[in-house]
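Structural features, examined
So the chains spell out like this:
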Amino acid sequence: MPLKLAIVGRPNVGKSTLFNRLAGKKLAIVDDQPGVTRDRRYASGSLGDLELELIDTAGFEDVDDSSLEARMRAQTEAAIEEADVSLFVFDSREGVTALDEVFAAILRKRDKPVIVAANKAEGKAGEAGAGEAFRLGLGEPIPISGEHGEGMAELYAALVAFEPQDESGDDDDDDDSKPIRIAIIGRPNAGKSTLVNRLLGEDRLLTGPEAGITRDSISVDWEWDGRKIRLVDTAGLRRKAKVQDKLEKLSTADTIRAITFAEVVLLVMDATHPFEIQDLQIADLAEREGRAVVFVLAKWDLIEDQAAHLAAFREHAERMLPQLRGAPVVALSGETGKGIGHLMPAVIKTHKDWSTKVKTRDLNDWLQMAMQRHPPPAVSGRRVKPKYMAQTKARPPTFVLFSSRADQMPDHYRRYLVNSLRESFDLPGVPLRITIKSGANPYADGEAKGHSGRGKREFERREREEERIRASRNTVKKSKRLAAEAAAKAAEAAGLPDPGKAAVKSVKKKGPAVAKAALSDATIASEPGKAAVKSVKAKGPRAQKKVSTTPSYKVGAKAAGGKAAGPKRPTAGARTVRGNTGPGRPKGR
């Protein structure tokens, strides 16, 4: 059985830092300004082999009225009464103050053991202040440092004397049922803490007309109808543009963390003006995190025409949040308790739907029915064909659909499948996930290489273009080779040496530069048509453009000293034969 330890003291002495140190994780919000912690917070921790149940409390204020500080003092006194041992923490660098003496007098009147801890005692700055604690009359102080972990051995020695005895009858480890984690979220001053106090039947959390009282995410264990429940009260979420204070940013991050680890989310809205933009954004955040959502209309006692207002709210929810279609709506009043009995049955049903597992056979029967009712559309002339469906996980329900051309399935048909699935298997207000996949067809060339649809057609087009370029290059090489052979045969018939070979042999001893020039001259002699083209390369792009627009047979004729023969104009009465499209002949009409 763990030792229940309440960490108490005046504001800004390092109670939350020590609480995080003993808990082993950063649970409480820590900041330099005083008064950050307001509600009492519970956590499990340990110090060596000593199991602890920690209670972090608000800073003690010597006020006794209806103010917020007075309500915080009442929470601290309740923690002292509940704990087995109180750990009184003071700042050793500032020494014992008048408020410390007042609080010490209150602790002496209680029939509870008290241990004094002089925090921030690292270095020599806190030695003098630690000695001042003897006048409090609570025993010898223990110098510690919650930030750096110093003095933990001395603290363990002082706490181990109050370790409770183990009782076998109180062992609850045999119960394997885990609590249902419920996060209560919403805008500031929507009635979240009041709702938690009404469910628990006690003033567990601070409430009041001030907005933004709750800062930490406070978890409370509870039991309803034999089921373990863990309620998490969170700080109100404002619009991101309005969050400027560092402390509010920390509170917002803590609330988002609570949503991530929750199973069911209660979105509490003020019934007098529900579904503002921030409410819609919070609901969308919960849906994207995959949490089951229940809409709660708080302050219902302030509404006059309740039936019409509730019907209008349901219609507005269906229209503004189609991804949470059918989510339960509970109208209640945390102040008077009206309608509070309808909340937990709706939460249990939503949690059951969120954990639903559907048989594969039922899924595929439903898929065939949905396709018959609304066939898949044809994209680019080819129809998308869903084939098989199965559920991969629950919480939230996640499905995988195997289909041809999965990447081209329209979004509207995906939404149709989600809505039909929610309606057929009775899953209202539960976020559904459908992943569409397509298996590769080993008998299709394009798909075997990882191409499908538009990518396959692009791949084939590029293949044809590359094949055409390769064929064109081979044709040019063949033409050059045939021209060289023809020139060699003509020289042999005339009794002259081969011009290409003679030029190569004459410059073999003169080096590679001369050989290259001789080869170029031999090529010009064998192909006079290229002489005119190469002669204008150095004259710039204009000259090249003029030459490139002239057909090759005309360039060759001009280079040989003759007159380029242009196409003849058809004369009157001349007969035109189709297919005569060579040089000097008119095209067929």
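The sections below set out a description of the structure shown in this document.

**Focus: the overall build of the protein chain**
The secondary structure content of the protein chain amounts to 19 helices and 17 strands. Relative to its full complement of 589 residues, the protein chain shows a buried share of 41%. Sequence-distant contacts, at least 24 apart, represent 66% of the contacts inside the protein chain between residues at least 6 apart. Entry remark: accessible area of the protein chain is about 33400 Å², with carbon and sulfur atoms responsible for 51%.

**Thoughts on helix α5 (residues 152-159)**
All buried positions along α5 are accounted for by Met152, Leu155 and Leu159. Axial view of α5: buried residues confined to an arc of 60°, hence all on one face.

**Things to note about the sheet that holds strand β3 (residues 50-56)**
Strand order in the open sheet formed by six strands is β2-β3-β1-β4-β5-β6, with mixed pairing between adjacent strands. Edge positions in the sheet fall to β2 (41-47) and β6 (142-143), since each of these pairs with one other strand and no more. In this sheet, β6 lies alongside strand β5 (residues 114-119) in parallel orientation, the contact comprising two bridges. Residue pairing for β6: alanine 118 is matched across the bridge by proline 143. Across the sheet, helix α1 (residues 15-23) touches β1 (3-8), β2, β3 and β4 (85-91), and the angle it forms with β2 is around 55°. Along the sheet, α5 contacts β1, β2, β3, β4, β5 and β6; its crossing angle with β2, the most-contacted strand, is approximately 100°.

**With respect to the packing of aromatic side chains**
One pass over the structure, following the stated rule, counts eight aromatic pairs. Taken together, Phe60, Phe88 and Phe103 form an aromatic cluster joined through their ring pairs.

**Section: the sheet that holds strand β16 (residues 398-403)**
Strands sit in the order β15-β16-β17 across an open sheet of three strands; the sheet is mixed. The two strands at the open ends of the sheet, each matched to only one other strand, are β15 (386-393) and β17 (433-437). Strand after strand, the sheet turns through a mean of 25° between neighbouring axes, direction not considered. Strand direction decides the pairing type here: β16 and β17, joined by five bridges, are parallel. Residue leucine 401 lies in a different strand from β17, and its bridge partner there is isoleucine 436. Contacting β15, β16 and β17, helix α12 (residues 411-424) runs over the sheet at an angle of about 135° to β17.

**Concerning the environment of leucine 250**
Here leucine 250 lies in helix α7 (residues 246-261). For leucine 250, a relative accessible area of 33% translates into the label partly exposed. Counting along the chain gives 34 residues from leucine 250 to aspartate 216, while the straight-line C-alpha distance between them is 8.8 Å. Once residues within four sequence positions are removed from consideration, leucine 250 is found in contact with Ile29 and Val30.

**Details of the pairing of β1**
Counting buried residues in β1 gives six out of six residues, a clear majority hidden from the surface. Burial along β1 is two-sided: the residues Leu3, Leu5 and Ile7 and Lys4, Ala6 and Val8 are all buried. Inspection of the sheet shows β1 paired to β3 by five bridges, in the parallel sense. From the neighbouring strand, leucine 3 faces β3, where its bridge partner is leucine 52. Note that β1 and β4 share four bridges and pair parallel. Along β4, the bridge assignment pairs isoleucine 7 with leucine 87.

**Regarding the side chain of serine 333**
Following the sequence through the fold, serine 333 ends up in the loop between β12 (329-331) and α10 (343-354). A polar contact is formed between the side chain of serine 333 and the side chain of aspartate 301, at a distance of 3.3 Å. Ignoring sequence-local partners within four residues, the contact set of serine 333 consists of Lys299, Trp300, Asp301 and Lys338.

**Thoughts on a positive patch on the surface**
Taken together, the side chains of Arg382, Arg383, Lys385, Lys387 and Arg457 present a region of like positive charge at the surface. Mapping arginine 382 onto the fold places it in strand β14 (residues 382-383). For arginine 382, a relative accessible area of 42% puts it in the partly exposed group.

**Observations regarding the pairing of β16**
The buried fraction of β16 is high, at five of six residues. One ladder, built from six bridges, connects β15 with β16; its direction is antiparallel. Bridged to lysine 393 within β16 is threonine 398. Once β15 ends, the chain turns through four residues before running back antiparallel as β16, passing arginine 395 with a positive phi of about 55°. At this point the chain moves from β16, through α12, to the parallel β17, and the crossover so formed is right-handed.

**Overview of the nonpolar core**
Counting residues in hydrophobic clusters, the biggest one holds 52 residues, and the most contacted among them are Ile182, Leu343, Met389 and Ile434. If sequence neighbours within four positions are ignored, isoleucine 182 has contacts with Ile229, Arg230, Leu231, Val232, Val264, Leu266, Met344 and Val347. Core analysis: the second largest hydrophobic core is formed by 27 residues, Ile259, Ala271, Ala286 and Ala317 among them.

**Some remarks on the pattern of salt bridges**
Under the defined criterion, the tally for this structure stands at 29 salt bridges. In this structure, the salt-bridge partner of aspartate 31 is lysine 246, at a minimum N-O distance of 3.5 Å. Pair noted here: aspartate 31 is in the loop between α1 and β2 and lysine 246 is in helix α7, with a separation of 215 residues, a long-range link. Taking relative accessible area as the criterion, aspartate 31 reaches 18% and is therefore assigned buried. With relative accessibility at 54%, the residue lysine 246 sits in the exposed group. Of the charged contacts in the structure, one is a salt bridge between arginine 73 and aspartate 62, with a shortest N-O distance of 3.6 Å. Here aspartate 62 lies in the loop between β3 and α2 (68-82) and arginine 73 lies in helix α2, a separation of eleven residues in the sequence. The network of salt bridges with common partners includes Arg41, Asp216, Asp254 and Arg257.

Criteria and thresholds
- Residues numbered from 1 in each chain as written.
- Predicted model: local features only at pLDDT ≥ 70, side-chain atom pairs only at ≥ 80, totals over all residues.
- Heavy atoms only, no water.
- Helix = DSSP H or I, 4+ residues; strand = E, 2+ residues; numbered from the N terminus.
- Buried < 20%, exposed > 50% of the residue type's maximum accessible area, 1.4 Å probe, protein only.
- Contact = heavy atoms within 4.5 Å.
- Areas by Shrake-Rupley, 256 points an atom, 1.4 Å probe, with all protein chains shown as cover.
- Arc of directions from axis to C-beta.
- Pairing = 2+ DSSP bridges.
- Axes fitted to C-alpha atoms, helices over the stretch in contact; angles between N-to-C directions.
- Phe/Tyr/Trp six-rings, centres within 6.5 Å; stacked < 30°, edge-to-face > 60°.
- Polar contact = N/O pair within 3.5 Å; in protein donor to acceptor, adjacent residues only side chain to side chain.
- Patch = residues over 30% accessible without salt bridge, like charges linked within 9 Å, V, L, I, M, F, W, Y side chains within 5 Å.
- Salt bridge = Lys/Arg side-chain N within 4 Å of Asp/Glu carboxyl O.
- Lys, Arg positive; Asp, Glu negative; His and termini not counted.
- Charge placed at Lys NZ, Arg CZ, Asp CG, Glu CD.
- Right-handed = clockwise from strand over helix to strand, strands pointing away.
- Core = buried A, V, L, I, M, F, W, Y, C linked by side-chain atoms within 4.5 Å.

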